[in-house]
Amino acid sequence: MPLNTTTTPPFVAVLVRGLLAGLIAGLLAGAFAFVAGEPHVEAAIAIEEAATHAEPAAGAHDHEDALVGRTGQRGGLFLATGLFGAAMGGLLATAYVLLSRRRRDDDGRSGLLLAGAALLGAVIVPFLKYPANPPAVGDPATINQRTVTYLLMVVLGLVAVWAGSLGYRSAGAQAPTWLRATAAVGGFLLVTAVSYVVMPSFQEVPADFPAALLWSFRLASLGTQVVLWTGIGLLFAALMHHERRRRTGTALPST
């Protein structure tokens, strides 16, 4: 009998590929953030420092006294995105292995779907409720509350994706594609809408903060995450496809 080449590779092999894909994607995301986001960060810091000098009692932070200067922060950007990307790639690889029983093949396409699901649930859904804010935006007194609610929104976003997947499967394998897609979208939108209504909102943007700068920063932040997860998905799928072809090529039929 020929060797079965459609089984999932060992977990360590998959994990290494996930870590590598995440690391590379993280560095690419860091490069995007440096080019597209850093100018907006600098502009926001200038506004914050101007407010600090004008109202020293307002409690704003002076970046000149920061433990890490702006040069170090720029260098640390690539370190942070690289490590974060590697961690996310490792999580994606773990999910890929855990869900291996649901797949018919092992060429990495399900890894690309997992990355898309993570982008939708863990990034886009929370972003639409709690978009990223640059320096000088946000009340320091609510930072803990905003952090907790954002993390909870990430969880709810993933639950919404799971609800969409559950709706797609619950329609039945014999159902028309349009019906299964409708059930998936309906389940996803239901959980998302309820989450948006239940979760609190924060309106802390100063009235005089430039709207163009605010949205340019937010779009750059979103773009960084899109680059990260798109890169993880594409690189991981390519690595797993290459692994499958390698195992297929080295498998010898028994005589």
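### Quick word on a nonpolar patch on the surface
A cluster of nonpolar side chains, namely L152, V155, V159, W162 and L166, defines an oily patch on the protein surface of about 430 Å² accessible area. Tracing the chain through its elements places W162 in helix α4 (residues 143–170).

### What to know about the layout of surface pockets
Reported here for the second largest pocket is a volume of approximately 430 Å³. Around the second largest pocket sit 16 residues that line it, and Y130, P131, N133, R146 and F202 are the ones nearest its centre. Per-element tally for the lining of the second largest pocket: the top contributor is α4, with five residues. For the lining of the second largest pocket, a count of residues per class yields eight nonpolar, four polar and four charged.

### With respect to the pattern of salt bridges
This structure, assessed with the given rule, holds one salt bridge. Between R146 and E204 there is a salt bridge; the shortest N-O distance is 3.2 Å. Linking R146 in helix α4 with E204 in the loop between α5 (177–198) and α6 (211–250), this pair joins segments that are 58 residues apart in sequence. Residue E204 is classed as partly exposed on the basis of its relative accessible area, which comes to 22%.

### Some remarks on α5
Compared with the 32 Å implied by 1.5 Å per residue over 22 residues, the 32 Å span of α5 between its first and last C-alpha is a close match. Of the residues making up α5, those classed as buried are R180, A184, G187, F188, T192 and S195. Seen end-on, α5 carries its buried residues on one side only, within an arc spanning 115°. In α5, the exposed positions angled more than 90 degrees off the buried face are occupied by W178, L190 and V197. On its buried face, α5 is in contact with α3 (109–129) and α4.

### Digging into the packing of aromatic side chains
Counting across every chain of the model gives three aromatic pairs. Geometrically, the ring pair formed by F34 and F78 is tilted, given 5.9 Å between the ring centres and 40° between the ring planes. Placement of the pair is F34 in helix α1 (residues 11–54) and F78 in helix α2 (residues 70–98), with a sequence separation of 44 residues. Both rings, one in Y130 and one in F202, keep their centres 5.9 Å apart while their planes meet at 50°; by these two values the pair is tilted. Pair noted here: Y130 is in the loop between α3 and α4 and F202 is in the loop between α5 and α6, with a separation of 72 residues, a long-range link. With relative accessibility at 22%, the residue F202 sits in the partly exposed group.

### Observations regarding the side chain of T81
Tracing the chain through its elements places T81 in helix α2. Side-chain polar atoms of T81 contact the backbone oxygen of G26, separated by 2.9 Å. In contact with T81, other than residues within four places in its own chain, are G26 and G30.

### Some thoughts on the confidence of the model for the protein chain
Summary statistics for the protein chain give a mean pLDDT of 85 and a share of 83% for residues scoring 70 or more. Here residues 1–5 is modelled with pLDDT under 50, and outside its nearest four sequence neighbours on either side it reaches seven contacts, counting other chains as well. Long-range and interchain partners of residues 57–64, a stretch whose pLDDT sits below 50, account for nine contacts in this model, where long-range means more than four residues apart.

What counts and what doesn't
Residues numbered from 1 in each chain as written. Predicted model: local features only at pLDDT ≥ 70, side-chain atom pairs only at ≥ 80, totals over all residues. Heavy atoms only, no water. Patch = residues over 30% accessible without salt bridge, like charges linked within 9 Å, V, L, I, M, F, W, Y side chains within 5 Å. Areas by Shrake-Rupley, 256 points an atom, 1.4 Å probe, with all protein chains shown as cover. Salt bridge = Lys/Arg side-chain N within 4 Å of Asp/Glu carboxyl O. Helix = DSSP H or I, 4+ residues; strand = E, 2+ residues; numbered from the N terminus. 1 Å grid on protein atoms, 1.4 Å probe; cavity = no way out; pocket = protein on both sides within 12 Å on 5 of 7 lines; lining within 4 Å. Points joined across faces, edges and corners; volume = space filled by probe spheres on them. Nonpolar A, V, L, I, M, F, W, Y, C, P; charged D, E, K, R; others polar. Buried < 20%, exposed > 50% of the residue type's maximum accessible area, 1.4 Å probe, protein only. Expected span 1.5 Å × (residues − 1). Arc of directions from axis to C-beta. Contact = heavy atoms within 4.5 Å. Phe/Tyr/Trp six-rings, centres within 6.5 Å; stacked < 30°, edge-to-face > 60°. Polar contact = N/O pair within 3.5 Å; in protein donor to acceptor, adjacent residues only side chain to side chain. pLDDT = per-residue confidence, 0-100.

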